[in-house]
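So you can see what is in the structure, the chains are spelled out below.
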Number of protein chains: 2
Amino acid sequence: MREVPVTSLQRLPVYLNYLKSLDDYDSFISSGAIARALGMGEVLVRKDLAYTPAQGRTRVGYRVGELVAAIEDFLGCNNRRSAVIFGAGELGSALLSYGGFSNYGIDIVAAFDNDPSKINKCVSGKPVFDNREAYAHIVKRKVTLAVICVPAAAAQSVADDIVACGIKAILNFAPVLLKVPRDVIVRNIDVAANLAILSSQLD
Amino acid sequence: MREVPVTSLQRLPVYLNYLKSLDDYDSFISSGAIARALGMGEVLVRKDLAYTPAQGRTRVGYRVGELVAAIEDFLGCNNRRSAVIFGAGELGSALLSYGGFSNYGIDIVAAFDNDPSKINKCVSGKPVFDNREAYAHIVKRKVTLAVICVPAAAAQSVADDIVACGIKAILNFAPVLLKVPRDVIVRNIDVAANLAILSSQLD
């Protein structure tokens, strides 16, 4: 995939949600109209949309349906992919219960934990298995995407294990910097750090 | 606060965690040594640390204790601030139970929900109140920081209400673009979008 700024990648789902809320997929919409509806800058919107394969027409803009399809295509929504969650505590359970992943073509197929009280149960219809069964499940289903929701102290060890299973991309909620091989992508969501950043901006 | 790239702000807690793991606060450490320990680029580390008030010395680097204090100061860790959570579902409960906020000087003082089965209970020792009591609590405790963990459909209405209570910064987990007055800061954590970005990078 072409190198795209993360901030643009994060705004594309916002445009997608807005466009999907429009009734008429056959009508045209300009980047200016999208910008106004979302309270964003027009230049920014135009630049973001230029990363997708969508073709706007001068003075008319984009056909809504085509733009939706182009953004979905760009975000991989039409390329269904399975993902697994490590750690079935409250955060892991919240993610198992969250329906929004399917909008992006992502199926959360299972979670893994080492706590016997959580294993072999279902959360929102999704199975929670023993960590020790992860290898078999990941290899069998050819899963390459994982979410780490285990405590910080366990995160590196889990990362080592799942990389050995063939996981190539990790969304990491644990507040540690994971060491992974070069061909594995990690995105970190450190909730406390995000709140700290907000707090510091209040000063 | 000086305008700092978000990516730098997100790395500072990583340096902080590493530095705090060192035993000898009186020893010196160079940006190169920090970079090597964390598997990051030295230039990047040096640039990030330059945003803080820490003063490195040529060929010696930073005194560990001074650098810890400087990063903590910069991130607002020494400036204790209260925050509240809206939505005491699984995600909200996970955040109520998470101990890591105190490392950044942030106290989660309460959560609010509109579900009678959740109200007037405690989660990890933190009280969950009725949404309708939010105004009184926020004003009384002069809270300016809030986390939104309610479903997407309810998020804008909650944002409107809490801005009216005096909240000035919002960490928003709902996958919607909130409309807020200009003097209110919003940071979005869209978990599904982050996973979609990772997924698209696998293509």
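Residues numbered from 1 in each chain as written. Chains lettered and ligands numbered in written order. Predicted model: local features only at pLDDT ≥ 70, side-chain atom pairs only at ≥ 80, totals over all residues. Heavy atoms only, no water.

**Q** I would appreciate a short explanation of the overall build of chain A in the present structure.
**A** Along the backbone of chain A there are 8 helices and 9 strands. Across its three principal axes, chain A shows a C-alpha extent of roughly 60 × 45 × 30 Å. Counting across all 203 residues of chain A, residues that qualify as buried make up 50%. Pairs at least 24 apart in sequence give 55% of the contacts found in chain A among residues at least 6 apart. Split by element, the accessible area of chain A, about 9400 Å² in all, is 51% carbon and sulfur. (Helix = DSSP H or I, 4+ residues; strand = E, 2+ residues; numbered from the N terminus. Buried < 20%, exposed > 50% of the residue type's maximum accessible area, 1.4 Å probe, protein only. Contact = heavy atoms within 4.5 Å. Areas by Shrake-Rupley, 256 points an atom, 1.4 Å probe, with all protein chains shown as cover.)

**Q** Explain the domain arrangement of chain A here, please?
**A** How big an interface is tends to be stated in terms of accessible area lost as the parts join. Here chain A is partitioned into domain 1 (6-74) and domain 2 (81-195). Put simply, the middle of domain 1 of chain A and the middle of domain 2 of chain A, counted by C-alpha atoms, are 31 Å apart. (Domains from an automatic or database assignment.)

**Q** Would you take a moment to explain the pairing of strand S6 (residues 126-130) of chain A for this structure?
**A** Consecutive side chains of a regular strand alternate in pointing toward one face of the sheet and then the other. Residues and elements named next belong to chain A. For strand S4 (residues 106-113) and S6, the ladder comprises 3 bridges, and the chain directions are parallel. Residue pairing in the sheet places Phe-112 in a bridge with Phe-129 of S6. Both strand S5 (residues 121-123) and S6 contribute to a ladder of 3 bridges, which runs antiparallel. Counterpart to Val-123 in the pairing with S6 is Lys-126. Hairpin connection between S5 and S6: a loop of 2 residues separates the two successive antiparallel strands, and Ser-124 in this loop has a positive phi of roughly 50 degrees. (Pairing = 2+ DSSP bridges.)

**Q** Honestly, the interface of chain B and chain A in this entry has me stumped. Any pointers?
**A** The interface of chain B with chain A comprises 53 residues on the first partner and 53 residues on the second. In terms of surface lost to chain A, no three residues of chain B exceed Leu-195, Leu-198 and Leu-202 of chain B, which account for 13% of the buried area on that side. Inspection of the region where chain B meets chain A yields 0 salt bridges. Where chain B touches chain A, the interface holds 10 residue pairs in polar contact (both at pLDDT 80 or more). Listed by contribution, the elements that provide at least two residues to the side of chain B that touches chain A are helix H1 (6-20), helix H2 (31-38), helix H5 (90-97), strand S4 (106-113), strand S7 (145-148), strand S8 (169-172), strand S9 (185-188) and helix H8 (191-201) of chain B. By residue number, the principal contributor to the side of chain B that touches chain A is H8 of chain B, which donates 11 residues. Here the side of chain B that touches chain A is built from residues that sort into 35 nonpolar, 11 polar and 7 charged. (Buried area = accessible area lost by both parts, 1.4 Å probe. Salt bridge = Lys/Arg side-chain N within 4 Å of Asp/Glu carboxyl O. Polar contact = N/O pair within 3.5 Å; in protein donor to acceptor, adjacent residues only side chain to side chain. Nonpolar A, V, L, I, M, F, W, Y, C, P; charged D, E, K, R; others polar.)

**Q** Quick question: what am I supposed to make of the packing of helix H2 (residues 31-38) of chain A against helix H3 (residues 42-50) of chain A here?
**A** For any two helices packed against each other, one specifies the inter-axial angle together with the distance between the axes. Residues and elements named next belong to chain A. Following both chains from N to C, one finds H2 and H3 inclined at 120 degrees, their axes separated by 8 Å at the closest point. The orientation of H2 relative to H3 falls into the category oblique. Taken as a pair, H2 and H3 cross one another with a handedness that is right-handed. Counting all contacts with H2, which are made through Ser-31, Gly-32, Ile-34 and Ala-35, the residues of H3 involved are Glu-42, Val-45, Arg-46 and Leu-49. Residue classes in the contact of H2 with H3 are distributed as 4 nonpolar, 2 polar and 2 charged. (Axes fitted to C-alpha atoms, helices over the stretch in contact; angles between N-to-C directions. Parallel < 35°, antiparallel > 145°, perpendicular 65-115°, else oblique. Left-handed = near helix turned anticlockwise from the far one by under 90°.)

**Q** I would appreciate a short explanation of the relation of the copies chain B and chain A in the present structure.
**A** The two chain copies are related to each other by a rotation about an axis together with a translation along it. Under the fitted operation, chain B is carried onto chain A by 0.0 Å of movement along the axis and a turn of 180 degrees, and the coordinates agree to an RMSD of 0.1 Å. Taken together, the rotation and translation describe the operation of a two-fold axis. A shared interface surface links the copies, since 100% of the contact residues of chain B are contact residues in chain A too. (Least-squares fit on C-alpha atoms with pLDDT ≥ 70 in both.)

**Q** Please clarify how the packing of aromatic side chains should be interpreted in this entry.
**A** The relative placement of two aromatic rings is captured by the distance of their centres and the angle of their planes. Residues and elements named next belong to chain A. Summed over all chains, the structure comprises 6 aromatic pairs over all chains. Ring centres of Tyr-98 and Phe-101 lie 5.2 Å apart, and the angle between their planes is 90 degrees; on these two criteria the pair is classed as edge-to-face. Looking at Tyr-98, the relative accessible area reads 30%, which means it is partly exposed. Through successive ring pairs, a cluster of aromatic residues spans Phe-86, Phe-112 and Phe-129. (Phe/Tyr/Trp six-rings, centres within 6.5 Å; stacked < 30°, edge-to-face > 60°.)

**Q** What exactly am I supposed to notice about the nonpolar core here?
**A** Generally speaking, nonpolar side chains in soluble globular proteins are found buried as a group. Ranked by internal contacts, the top residues of the largest apolar core, which has 105 residues, are Phe-173 of chain A together with Ile-34 and Phe-173 of chain B. Each residue touching Phe-173 of chain B, except ones within four places of it in the same chain, is listed here: Val-191 of chain A together with Leu-91, Leu-95, Val-147, Ile-148, Cys-149, Ile-189 and Val-191 of chain B. (Core = buried A, V, L, I, M, F, W, Y, C linked by side-chain atoms within 4.5 Å.)

**Q** Sorry if this is basic, but what is going on with the side chain of Asp-190 of chain B here?
**A** Its place among the elements puts Asp-190 of chain B in the loop between S9 and H8. Side-chain polar atoms of Asp-190 of chain B contact the backbone nitrogen of Ala-192 of chain B, separated by 3.3 Å. In contact with Asp-190 of chain B, not counting residues within four places along its chain, are Tyr-104 of chain A together with Pro-175 of chain B.

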